[in-house]
Amino acid sequence: MNWLTPQVVAAIVAMLQAVVILLAAVLLGAVMTVVERRLLGLWQDRYGPNRVGPFGTLQLVADMIKIFFKEDWIPPFADRTLFVLAPGIAMASLLLSFMIIPITPTWGVSDMNVGLLFFFAMAGINVYAVLFGGWASGNKYALIGAMRASAQTLSYEVFMGLALMGVVATTGSFNMRDIVDAQQGMWFIIPQFFGFCTFVIAGIAVTHRHPFDQPEAEQELADGYHVEYSSMKFGMFFIGEYVGMVLISALLVTLFFGGWHGPWLPPFVWFALKTGIFLVLFILLRASLPRPRYDRVMSFGWKICLPLTLINLLVTGAVILLAGPA
Amino acid sequence: MEIAFYLSGLVAVLATLGVITNANPVHALLYLIVSLIAVAMVFFSLGAPFAGALEIIVYAGAIMVLFVFVVMMLNLGEGVAAQERAWLKPRTWLGPAVLAAALLLVLIATLWRGDIGLVIQGETLTAKMVGITLFGPWLIVVELAAMLLLAALVTASHVGRMAPDKPATNRETGARGDA
């Protein structure tokens, strides 16, 4: 047993942790599909899916069986390579972003010093999933959906980055663990309130969640970029959206709500509780807000959110310089 | 880290060859994205994660999206692919390829004579160090780049301006069009 050195053990433990986090992220994304339908039902004064199993708890299993056994159809006019590649990009880029999220002081996959930039890079690559998926489908509606999605995501990614620069400037690091540790005294939601507001808006827009789901607006585009997709390929787009939701919630908790910090309860419980609250908030937004018109979404992003983040960054910089020793 | 460097370098070269030889414009762009990500990996393996992350965010995440966007809007069909294939005859590329190969030989000869013993140190250049370098000795370059970008912004806003004599569409009034 002399090969079982402490380094090997540490490597194996780290790999197991990574696999557990990956599976938990996918599973949470899948569970959220059912939770969303139940909650939407309750808020709209109906039951939602409550037939499969006690209180509808087995609905997820039924959905999975259904989606696995559907015919996986690739249209003859589609570009096969990109058509197959797109759902993979959608899923992989979001799941890779979970690498940087510190869940508890001891749990987390990677501790990079460019942590936050890695998330921006993955969000940038995630655009291609929609873009290639929509183009490869060879369908007008899909193409229009993809065009909308890329324009919307590009516009909102610009100030998504700027919204977080206040947090980064205050901490003095891109490292997620440093950011969490800097919030021991006060959560960043208080000094960076406008950064938080704009990041929530940008996060919803980047995951194409309601009310920013122009790329797949049913009434106008019949389902947008994934109208030609079926079976598990559609499933990957579908689950990918929820994985994005979990990712943005976890990022919000890490960046603005002190991550695992909190009194009495163990760190993991705090992290899970805070993330859960944001997941429910995402669903509540979908339940309560109508979808704005596309050009208004764009002008709102460029004319209101972008200047707001710039002013926020300017003020943050001024405060840091005034309060700092130099 | 050296294996990572050579591997991502190889991927970058092969992907760039794919960009040139692929007749389908969208597939060629896909290769270009892979090539840019491979270059970012080269930066990572050299110990410059900040430059690597920016390479993905700016080039792969923003500029290439616009490229793909435009190519998709043009909706180039089978005719363009046929044209591309016609241009890829050896008679077209043989001359430039020979000349470029001569330059490559010069490059390899120069590299061979230099400090070949240098290896990747494994030191990591942090974002803070990059910032200090940029806003210290290279401040004038940063300012010039900022001015260039401002000029580009002004030009773009001038070109994209609505003609003043054109009647306002419902994009401005926003009164109708919801139906």
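Residues numbered from 1 in each chain as written. Chains lettered and ligands numbered in written order. Predicted model: local features only at pLDDT ≥ 70, side-chain atom pairs only at ≥ 80, totals over all residues. Heavy atoms only, no water.

Looking up chain B in an unreviewed UniProt entry gives the name NADH-quinone oxidoreductase subunit J, with the organism given as Modicisalibacter muralis. Regarding chain B, the UniProt comment filed under Function (unreviewed entry) reads as follows: "NDH-1 shuttles electrons from NADH, via FMN and iron-sulfur (Fe-S) centers, to quinones in the respiratory chain. Couples the redox reaction to proton translocation (for every two electrons transferred, four hydrogen ions are translocated across the cytoplasmic membrane), and thus conserves the redox energy in a proton gradient." The record in UniProt for chain B states the following under Sequence similarities (unreviewed entry): "Belongs to the complex I subunit 6 family." (UniProt positions renumbered as here; feature names shortened; annotations may be inferred.)

As recorded by an unreviewed UniProt entry, chain A carries the name NADH-quinone oxidoreductase subunit H and is attributed to Modicisalibacter muralis. In the Sequence similarities (unreviewed entry) part of its UniProt record, chain A is described as follows: "Belongs to the complex I subunit 1 family." The Catalytic activity (unreviewed entry) comment attached to chain A in UniProt states, word for word, "a quinone + NADH + 5 H(+)(in) = a quinol + NAD(+) + 4 H(+)(out)".

1. Notes on the overall build of chain A
For chain A, the helix and strand inventory stands at eleven helices and zero strands. Starting at the N terminus, the α and β elements of chain A follow one another as α-α-α-α-α-α-α-α-α-α-α. Taken over the C-alpha atoms alone, chain A extends approximately 65 × 60 × 45 Å along its principal axes. Looking at the 326 residues of chain A, the share that counts as buried comes to 53%. Looking at chain A alone, contacts between residues at least 24 apart form 78% of all its contacts between residues at least 6 apart. Computed over 18 positive and 18 negative side-chain charges, the separation of the two mean positions in chain A equals 6 Å. (Helix = DSSP H or I, 4+ residues; strand = E, 2+ residues; numbered from the N terminus. Buried < 20%, exposed > 50% of the residue type's maximum accessible area, 1.4 Å probe, protein only. Contact = heavy atoms within 4.5 Å. Lys, Arg positive; Asp, Glu negative; His and termini not counted. Charge placed at Lys NZ, Arg CZ, Asp CG, Glu CD.)

2. A word on the UniProt feature "transmembrane region" (unreviewed entry) in chain B
Residue and element names in this part refer to chain B. Within the UniProt annotation, "transmembrane region" (unreviewed entry) is assigned to residues 6-23, 30-50, 56-81, 93-112 and 132-156. Across residues 30-50 one finds 86% helix and 0% strand; the C-alpha atoms that close the span lie 24 Å apart. Taken as a whole, residues 132-156 contains 84% helix and 0% strand, while its terminal C-alpha atoms sit 31 Å from one another.

3. Side note on the domain arrangement of chain B
According to the domain assignment, chain B contains domain 1 (1-89) and domain 2 (126-160). Taking only C-alpha atoms, the centre of domain 1 of chain B and the centre of domain 2 of chain B are 25 Å apart. (Domains from an automatic or database assignment.)

4. Considerations on the pattern of salt bridges
Side-chain pairs of opposite charge can arise where the charged atoms are in close proximity. All names here are of chain A. A full pass over the atoms with the stated rule returns four salt bridges over all chains. With a closest N to O distance of 3.2 Å, E36 and R286 form a salt bridge. Pair noted here: E36 is in helix α1 (residues 6-43) and R286 is in helix α10 (residues 267-288), with a separation of 250 residues, a long-range link. Overall, R286 belongs to the partly exposed group, its relative accessible area being 36%. (Salt bridge = Lys/Arg side-chain N within 4 Å of Asp/Glu carboxyl O.)

5. Points about the nonpolar core
All names here are of chain A. Ranked by internal contacts, the top residues of the largest apolar core, which has 107 residues, are F132, F199, L255 and F256. The dominant element in this core, judged by the number of residues it contributes, is helix α4 (residues 115-136), at 17 residues. Ignoring any residue separated from it by four or fewer positions in sequence, one finds F256 in contact with L164, V167, Q183, W187, F188, I189, Q192, G195, F196 and F199. (Core = buried A, V, L, I, M, F, W, Y, C linked by side-chain atoms within 4.5 Å.)

6. Concerning the side chain of K233 of chain A
Residues and elements named next belong to chain A. Here K233 shows up in helix α9 (residues 231-256). Polar contacts involving the side chain of K233 include one to the side chain of D72, which spans 2.9 Å. Discounting residues that sit within four places of it in the chain, K233 has contacts with D72, I74, F83, V84 and P87. (Polar contact = N/O pair within 3.5 Å; in protein donor to acceptor, adjacent residues only side chain to side chain.)

7. Overview of the UniProt feature "transmembrane region" (unreviewed entry) in chain A
All names here are of chain A. UniProt marks residues 7-32, 81-103, 115-135, 156-174, 186-206, 242-262, 268-288 and 300-323 with the feature "transmembrane region" (unreviewed entry), using the numbering shown here. What you have in residues 186-206 is 67% helix and 0% strand, and the ends, taken at the C-alpha atoms, are 28 Å apart. Helix makes up 100% of residues 268-288 and strand 0%, and the two end C-alpha atoms of the span are 30 Å apart.

8. Side note on the interface of chain A and chain B
Facing 26 residues of chain A, the contacting portion of chain B comprises 32 residues. Buried surface at the junction of chain A and chain B, both sides included, amounts to about 2300 Å², of which 76% is carbon and sulfur. Connecting chain A to chain B are zero salt bridges. Every element with two or more residues in the side of chain A that touches chain B is listed here: α3 (80-97), α4, α5 (140-171) and α11 (294-323) of chain A. With ten residues, the single largest contributor to the side of chain A that touches chain B is α4 of chain A. In terms of residue class, the side of chain A that touches chain B is built from 17 nonpolar, five polar and four charged. (Buried area = accessible area lost by both parts, 1.4 Å probe. Nonpolar A, V, L, I, M, F, W, Y, C, P; charged D, E, K, R; others polar.)

9. Things to note about helix α1 (residues 2-21) of chain B
End to end, α1 of chain B covers 29 Å across 20 residues, agreeing with the expected 28 Å (1.5 Å per residue, within 8%). Buried residues along α1 of chain B sit against α2 (25-45) of chain B. (Expected span 1.5 Å × (residues − 1).)

10. Quick notes on the state of the cysteines
Residues and elements named next belong to chain A. Scanning the model with the defined rule gives zero disulfides over all chains in all. Its sulfur unpaired, C197 is 9.3 Å from the next cysteine sulfur, which belongs to C305. Judged by its relative accessible area of 25%, C197 is partly exposed. According to the relative accessible area criterion, C305 is buried, its value standing at 2%. (Disulfide = S-S within 2.5 Å.)

11. Quick word on a nonpolar patch on the surface
Together, L134, F135, W138, L139, I140, V141, L144 and M147 of chain B line one region of the surface with nonpolar side chains, adding up to about 830 Å² of accessible area. Within the fold, L144 of chain B resides in helix α7 (residues 139-159). (Patch = residues over 30% accessible without salt bridge, like charges linked within 9 Å, V, L, I, M, F, W, Y side chains within 5 Å. Areas by Shrake-Rupley, 256 points an atom, 1.4 Å probe, with all protein chains shown as cover.)

12. Here's the deal with the packing of aromatic side chains
Residues and elements named next belong to chain A. Tallied over the full model, the rule gives 16 aromatic pairs over all chains. The interplanar angle of 70 degrees and the centroid separation of 5.6 Å between the aromatic rings of F196 and F256 together place this pair among those described as edge-to-face. Within this pair, whereas F196 is found in helix α7 (residues 193-206), its partner F256 is found in helix α9, the two being separated by 60 residues in sequence. An identical accessibility class is assigned to F196 and F256; each is buried. Their ring planes at 75 degrees and their centres at 5.4 Å tell us that F238 and Y242 sit as a pair that is edge-to-face. Here Y242 and F238 lie together in helix α9, a separation of four residues that amounts to about one turn. On the basis of relative accessible area, F238 is assigned to the partly exposed category, the value being 31%. Among the aromatic residues, those joined into a ring-pair cluster are W187, F196, F199, F256, F257 and F278. The ring of Y294 has R148 lying over it, and the distance from NZ or CZ to the ring centre is 5.1 Å. (Phe/Tyr/Trp six-rings, centres within 6.5 Å; stacked < 30°, edge-to-face > 60°. Lys NZ or Arg CZ within 6 Å of the ring centre and 35° of its normal.)

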